[in-house]
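# What the coordinates show
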Amino acid sequence: LHYPVLDKTGLQGPFDFEVHTGEGDYTSDDEILLSIAAALKDLGLALKPAECLVEILVIDRIEKPWAN
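Residues numbered from 1 in each chain as written. Predicted model: local features only at pLDDT ≥ 70, side-chain atom pairs only at ≥ 80, totals over all residues. Heavy atoms only, no water.

### Structural notes on helix H1 (residues 29-42)
- Its 14 residues place the ends of H1 20 Å apart at the C-alpha level, agreeing with the 20 Å of an ideal helix rising 1.5 Å per residue.
- The complete set of buried residues in H1 reads Ser35, Ala39 and Leu40. The buried residues of H1 occupy one face: seen down the axis, they fall within an arc of 135°. Facing away from the buried surface of H1 by more than 90 degrees, the exposed residues are Asp30, Leu34 and Lys41.
- Positioned one or two residues after H1, Gly44 has a phi angle of 85°, which is positive. (Helix = DSSP H or I, 4+ residues; strand = E, 2+ residues; numbered from the N terminus. Expected span 1.5 Å × (residues − 1). Buried < 20%, exposed > 50% of the residue type's maximum accessible area, 1.4 Å probe, protein only. Arc of directions from axis to C-beta.)

Right, dumping it as structure tokens:
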């Protein structure tokens, strides 16, 4: 989705379900998102845009380990 998705359902326990968005030639990310939102609506769920704080890990440098 290119965005974090927060679970605010309050439902407890593990769930296993599949969301089928159908076959199609999507021309934009917005069309894909709308298709996913429609499929989730069939399950009684909804995607709603909101602003929130998210944790981000930034790696600013990687070095090879030294030979010991």
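### Things to note about the pattern of salt bridges
- In the structure shown here, the tally under the stated rule is one salt bridge.
- Linking Arg61 and Glu63 is a salt bridge whose minimum nitrogen-to-oxygen distance equals 3.0 Å. Comparing Arg61 with Glu63, the two get one shared label, exposed. (Salt bridge = Lys/Arg side-chain N within 4 Å of Asp/Glu carboxyl O.)

### Comments concerning the environment of Val19
- Of note, Val19 is situated in the segment before H1.
- A residue is classified by how much of its surface remains accessible, and Val19, at 32% relative accessible area, is partly exposed.
- For the pair Val19 and Leu43, spaced 24 residues apart in sequence, the C-alpha to C-alpha distance is 8.7 Å.
- Among residues more than four places away in sequence, those in contact with Val19 are Ala39, Leu40 and Leu43. (Contact = heavy atoms within 4.5 Å.)

### Quick look at a nonpolar patch on the surface
- The grouping of Leu11, Phe15, Phe17, Val19 and Leu43 at the surface amounts to a nonpolar patch, some 490 Å² of accessible area in total.
- Tracing the backbone shows Leu11 in the segment before H1. (Patch = residues over 30% accessible without salt bridge, like charges linked within 9 Å, V, L, I, M, F, W, Y side chains within 5 Å. Areas by Shrake-Rupley, 256 points an atom, 1.4 Å probe, with all protein chains shown as cover.)

### What to know about the environment of Asn68
- Along the chain, Asn68 turns up in the segment after H1.
- With relative accessibility at 99%, the residue Asn68 sits in the exposed group.
- For Asn68 and Leu57, which are eleven residues apart along the polypeptide, the C-alpha to C-alpha distance reads 29 Å.

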